[in-house]
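If you want the building blocks of each chain, they are given just below.
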Amino acid sequence: MSEWTPKLNAVAAGVVVTFGFTMVWNPIPVVYAVVAGLGFTALLVWLGETPKHVWAWGCLFLGIESLSWPAVQMIKLHMSGVAEPSEDQMKELVGTMFLGVFFATFWLTFAYGVFRWIKRDEQPDEPSPKV
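Summary of the structure given here. Predicted model only: the values in this text are computed from it and were never measured.

Further remarks concern helix H4 (residues 87-122). Compared with the 52 Å implied by 1.5 Å per residue over 36 residues, the 52 Å span of H4 between its first and last C-alpha is a close match. Among all positions in H4, only Leu 93, Thr 96, Gly 100, Ala 104, Ala 111, Val 114 and Ile 118 are buried.

Put into structure tokens, the structure is as follows:
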């Protein structure tokens, strides 16, 4: 495997994680998205020893982003100055909460599985006992 493989995977995963970040904070200034993208990519380059590590961390970040999505929507609603949200806003917020928890569960479970896969591959094989 080339030494560039983890770095290329880190760039690809950084783009995916940045796309998720911009979806959570929509609308977001382009400058903030670029800074977040460079930060995520640098973090993934630093954490990613192999492509498996890069994508495990990327999935973990996507899960955290998905989990934060409903909270961000509630904060935006509160900061808009509305004393009591309308029924339509509450329906949208419930849908956001459901999707946020659903996707967070998916991505966090997927990241957990990849981390376990990495751990299993890194453990040395134990000799089988002779009978």
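With 18 residues, helix H2 (residues 30-47) extends 25 Å from end C-alpha to end C-alpha; this agrees with the ideal 26 Å at 1.5 Å per step. By the burial criterion, the buried members of H2 are Ala 33, Ala 36, Gly 37, Phe 40, Thr 41, Leu 44 and Leu 47. Looking straight down H2, one finds its buried side chains confined to an arc of 135°; they lie on one side. For H2, exposure combined with an orientation more than 90 degrees from the buried face picks out Val 31, Val 35, Leu 38 and Trp 46. Summarising the contacts, the buried residues of H2 are in contact with helix H1 (5-24) and helix H3 (51-79).

For the rest of this paragraph, the subject is the environment of Gly 37. Along the chain, the position of Gly 37 falls in helix H2. The exposure class of Gly 37 is buried, given its relative accessible area of 11%. Residues Gly 37 and Leu 99, spaced 62 residues apart in sequence, show a C-alpha to C-alpha distance of 23 Å.

Estimates place the volume of the largest pocket at around 280 Å³. In terms of lining residues, the largest pocket is bounded by 13 residues, among which Gly 20, Met 23, Ser 66, Phe 103 and Trp 107 are the most central. Secondary structure elements with two or more residues in the lining of the largest pocket: H1, H3 and H4.

Conventions adopted
Starting from 1, residues in each chain are numbered consecutively following that chain's sequence as written. Only residues with pLDDT of at least 70 get local features here, since the model is predicted, and only at 80 or more are side-chain atom pairs given and counted; chain-wide, interface and lining totals rely on the full set of residues. Where side-chain values are given, they derive from all heavy atoms of the structure, hydrogens and water being excluded. Strands are runs of DSSP state E lasting at least two residues, helices are runs of H or I lasting at least four, and both sets are numbered from the N terminus onward. In this scheme, a helix's expected span is set at 1.5 Å multiplied by one less than its residue total. Accessibility here uses a 1.4 Å probe with only protein chains present; expressed as a share of the type maximum, an area under 20% marks a residue as buried, one over 50% as exposed, and anything in between as partly exposed. Here the arc refers to the directions that run from the helix axis out to each C-beta atom. Two residues qualify as a contact provided that any one of their heavy atoms is within 4.5 Å of a heavy atom in the partner residue. Lining residues are defined by having an atom within 4 Å of a point belonging to a cavity or pocket. Those points lie on a 1 Å grid over the protein atoms alone, cavities being sets where a 1.4 Å probe fits but cannot get out and pockets being open sets with protein on both sides within 12 Å along at least five of seven lines. Grid points are joined across faces, edges and corners, and a volume is the space filled by probe spheres set on the points.

Function-wise, these values are silent; they only describe arrangement.
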